[in-house]
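Architecture and fold: a report
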Amino acid sequence: MFDQGDRPVHYAYAVCTDLQVSRLPVDPFVLAQSAGITLYPLSSVMTAPGFFPEDLTRRLQMTCAITLTYPAFCIVYRDDLAGSGRLRFALAHELGHLVMNHYRDYPDRMFSALAPDSFLEKEADAFARNLLAPVPLVDVIRYNRPRQARAEVFGFSRRDWISRLDALDEDRSHVDEDMANTLIWLFHDYLLGRRCGACGHVFTADGTDDICPNCGAAAPDWDL
């Protein structure tokens, strides 16, 4: 059984493993499609209002994405925020609710007319940050290329990146060696990717080989 901290971290890493996520930034749109979860942009929803709650627009003013359960589970998102780190985190948050079965296991708390359940919301936040920026990848990138370990690499808004760093130690305590090795292996080619500054050739550097195979230039840049 997972404790409160283990659960979202383990579920996020399981999604990466099951769906073979291997590059940054992690794309929640692609993950949702791979998991069979339908995403609707708000602009298309507004052309078919009979199928969605009348207060949908008002509810989306308070967030970027929400999950609807009728007539089928789906996520509606504000496409006026397309491409923003804020939207990506919100989508990952909603995926967390679905992947961790919050609607099935805690229906009285997910469908309440009261304020959102703080425990479940914190779980979904933890899932989102560990899906989009797993601890092993943050650690490897910050250690090896600290100047490139910015919010943009992981597709985070500045605010969410700061929050992610604040929770890094907490999340790291729930990551064991096997989990870390699995994530690093999934992203192996990406993490070793190099772009030659001389000729622009992109290649994977194994071990300590940092020589461009195309032109022989030394010390090419990281391909992030």
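The preceding data block contains the structure.
Here we summarise the structure given alongside this text. On a predicted model such as this, the values are computed, not experimentally measured, just so you know.

Rules of the game
- Residues numbered from 1 in each chain as written.
- Predicted model: local features only at pLDDT ≥ 70, side-chain atom pairs only at ≥ 80, totals over all residues.
- Heavy atoms only, no water.
- Pairing = 2+ DSSP bridges.
- Helix = DSSP H or I, 4+ residues; strand = E, 2+ residues; numbered from the N terminus.
- Axes fitted to C-alpha atoms, helices over the stretch in contact; angles between N-to-C directions.
- Salt bridge = Lys/Arg side-chain N within 4 Å of Asp/Glu carboxyl O.
- Buried < 20%, exposed > 50% of the residue type's maximum accessible area, 1.4 Å probe, protein only.
- Arc of directions from axis to C-beta.
- Contact = heavy atoms within 4.5 Å.
- Polar contact = N/O pair within 3.5 Å; in protein donor to acceptor, adjacent residues only side chain to side chain.
- Expected span 1.5 Å × (residues − 1).

Further remarks concern the sheet that holds strand β3 (residues 74-77). Read across the sheet, three strands follow the order β1-β3-β2 without closing on themselves; strand pairing throughout is mixed. The strands lining the two open edges of the sheet, one partner per strand, are β1 (38-41) and β2 (65-68). Each adjacent strand pair in this sheet contributes to an overall mean axis angle of 25°, direction not counted.

Okay, the pattern of salt bridges next. When their charged atoms lie close together, side chains carrying opposite charge are able to pair. A complete count under the given rule lists eight salt bridges for this structure. A salt bridge links D105 to R104; the nearest nitrogen and oxygen atoms lie 3.1 Å apart. For R104, a relative accessible area of 60% gives the class exposed. In this structure, D171 engages R129 in a salt bridge whose closest nitrogen and oxygen atoms are separated by 2.7 Å. With D171 in helix α12 (residues 168-172) and R129 in helix α8 (residues 118-132), this residue pair connects regions lying 42 residues apart in the sequence. Just as D171 is buried, R129 falls in that class too.

Turning to helix α13 (residues 177-186), its buried residues are M179, A180, L183 and L186. Looking down the long axis of α13, one finds its buried residues gathered within 130° of arc, a one-sided arrangement. Along α13, the residues that are exposed and aim more than 90 degrees away from the buried face are E177, D178 and W185. Close packing links the buried residues of α13 with α1 (6-18), α9 (135-144) and α14 (188-191). The distance from a side-chain oxygen at the start of α13 to the backbone nitrogen of D178 is 3.2 Å, and the residue carrying that oxygen is D176.

Given a rise of 1.5 Å per residue, 15 residues ought to cover 21 Å, and the 21 Å separating the end C-alpha atoms of α8 matches this to within 8%. Turning to α8, its buried residues number three or more, namely L120, E123, A124, A126, F127, A128, R129, N130, L131 and L132.

In this structure, the amide linkage connecting L24 to the following residue, P25, adopts the cis form with an omega of -10°. By secondary structure assignment, the location of P25 is in the loop between α1 and α2 (28-34). One non-glycine residue with positive phi stands out, namely Q20, at about 55°. Structurally, Q20 is set in the loop between α1 and α2. Judged by relative accessible area, which is 52%, Q20 ranks as exposed. A positive phi is found at N101, a non-glycine position, where the angle reads about 60°. Structurally, N101 is set in the loop between α5 (85-99) and α6 (102-105). Accessibility expressed as a relative area gives 25% for N101, which makes it partly exposed.

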